[in-house]
Amino acid sequence: MSTEIAHLRRRLVEFLIQCTTQLELPPIVKYSALSLFFDRFRPSVVRFLQKKKKAEHWLLQPLTESNLQLFVLISIWISCKMHCSRGLSVQCLKSLGDKMITEQLFTVRDFMEAQVTKFEIGTLNIAYTVLDDLLIQFKEVAKAGELLNFEACMDMMDLLYEKEETSVLYHSSTSLAASILVSSYIITVPKQQWEFPILPWVKMVTNKEEREVVELVGYILSHVLYSHPS
């Protein structure tokens with residue numbers, strides 16, 4: 001992947017996170033939107049580019065960062081519709097777009113047209129929901145569960161989406177969720193509280209081998225600490 005595309009990916013991840021923060025949306029909306037855009041919508045665009053064909057949606061012709069930002073907002077809109085009792089209005093999306101997309105102004109019609117894009121919906125088993133469930137179970141069986149910092153878990157998840165090579169970990173939601181839980185345990189729980197046998201427990205509740213989890217934990221921590229040293 002070229003440096004330019006890698007930088008674009010990181011900017012789009014940051015744009016999505018900034019937008020969900022501005023809207024004060026719950027984490028499930030953010031991670032569902034990341035899954036919709038980067039795991040479903042974006043790969044189809046990349047395939048078109050590789051085949052040197054025009055994108056099927058007229059709002060992606062030409063393919064610019066601003067156009068992609070529009071579809072990031074649409075992924076947030078779809079995710080919010082799935083997970084929030086009150087969805088976002090088109091007017092709210094346009095208002096946010098006017099504020100956040102600086103290179104191009106999109107109309108209400110543009111947002112309406114973009115909403116009919118064929119996203120492959122299916123975000124029930126994303127890593128965030130698996131991780132959230134694991135933490136609930138962990139707190140029920142271990143005092144250390146109250147010490148584990150869930151914000152650190154989400155920070156790691158955000159960082160892993162920034163690069164193509166690390167985002168592939170999201171293809172296995174359970175393995176990733178288990179490994180992030182253990183990674184956060186190592187980073188945020190004081191060593192003197194490391195009494196709970198977390199690896200055997202993770203194996204029991206996820207059916208994932210300890211060796212696989214340990215390898216992923218090492219990979220995740222090396223990426224997080226190397227890419228964003230404290």
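Just so it is clear, the model here is predicted, and its values are computed rather than measured.

**Describing the overall build of the chain**
A count of helices and strands for the chain gives 11 helices and 0 strands. Shown N-terminal to C-terminal, the secondary structure of the chain runs as helices and strands in the order α-α-α-α-α-α-α-α-α-α-α. Looking at the chain residue by residue over its 230 residues, the buried ones come to 48%. Long-range pairs, those at least 24 residues apart, make up 72% of the contacts in the chain with a sequence separation of at least 6. Surface summary for the chain: the accessible area is close to 12400 Å², and the carbon and sulfur share equals 53%.

**Quick word on the environment of Trp77**
Take Trp77: it is sitting in helix α3 (residues 65-83). Distance in space between the C-alpha atoms of Trp77 and Cys92 is 9.8 Å, their sequence separation being 15 residues.

**Remarks on the nonpolar core**
Counting residues in hydrophobic clusters, the biggest one holds 74 residues, and the most contacted among them are Leu73, Ile76, Phe138 and Ile180. Considering every element that reaches this core, the biggest residue donor is α3, with 10 residues.

**Side note on the state of the cysteines**
Scanning all chains against the criterion turns up 0 disulfides. Free of any disulfide, Cys80 has its nearest cysteine sulfur in Cys84, 3.3 Å distant.

**Remarks on a nonpolar patch on the surface**
A cluster of nonpolar side chains, Ile186, Ile187 and Trp194, forms an exposed patch at the surface whose accessible area comes to about 260 Å². Along the chain, Trp194 turns up in the loop between α9 (173-188) and α10 (198-206).

**Some thoughts on the pattern of salt bridges**
A side chain of one charge can pair with a side chain of the opposite charge if their charged atoms are brought near each other. For the coordinates displayed, the defined rule picks out 7 salt bridges. The shortest N-O distance in the salt bridge between Glu65 and Arg11 comes to 3.0 Å. Highlighted residues: Glu65 in helix α3 and Arg11 in helix α1 (residues 3-22), separated in sequence by 54 residues. The partly exposed category is assigned to Arg11, whose relative accessible area is 37%. Note that Asp98 and Lys94 form a salt bridge whose closest N and O atoms lie 2.9 Å from each other. Pair noted here: Asp98 and Lys94 are both in helix α4 (residues 90-100), with a separation of 4 residues, about one helical turn.

**Here's the deal with the side chain of Thr206**
Note on placement: Thr206 falls in helix α10. Within the structure, the side chain of Thr206 is placed 2.5 Å from the backbone oxygen of Val202, a separation counted as a polar contact. Here the side chain of Thr206 touches Lys208 through a polar contact of 3.3 Å, landing on its backbone nitrogen. Dropping the residues within four chain positions of it, Thr206 is found in contact with Leu134, Thr174 and Ala178.

Rules behind the numbers
- Residues numbered from 1 in each chain as written.
- Predicted model: local features only at pLDDT ≥ 70, side-chain atom pairs only at ≥ 80, totals over all residues.
- Heavy atoms only, no water.
- Helix = DSSP H or I, 4+ residues; strand = E, 2+ residues; numbered from the N terminus.
- Buried < 20%, exposed > 50% of the residue type's maximum accessible area, 1.4 Å probe, protein only.
- Contact = heavy atoms within 4.5 Å.
- Areas by Shrake-Rupley, 256 points an atom, 1.4 Å probe, with all protein chains shown as cover.
- Core = buried A, V, L, I, M, F, W, Y, C linked by side-chain atoms within 4.5 Å.
- Disulfide = S-S within 2.5 Å.
- Patch = residues over 30% accessible without salt bridge, like charges linked within 9 Å, V, L, I, M, F, W, Y side chains within 5 Å.
- Salt bridge = Lys/Arg side-chain N within 4 Å of Asp/Glu carboxyl O.
- Polar contact = N/O pair within 3.5 Å; in protein donor to acceptor, adjacent residues only side chain to side chain.

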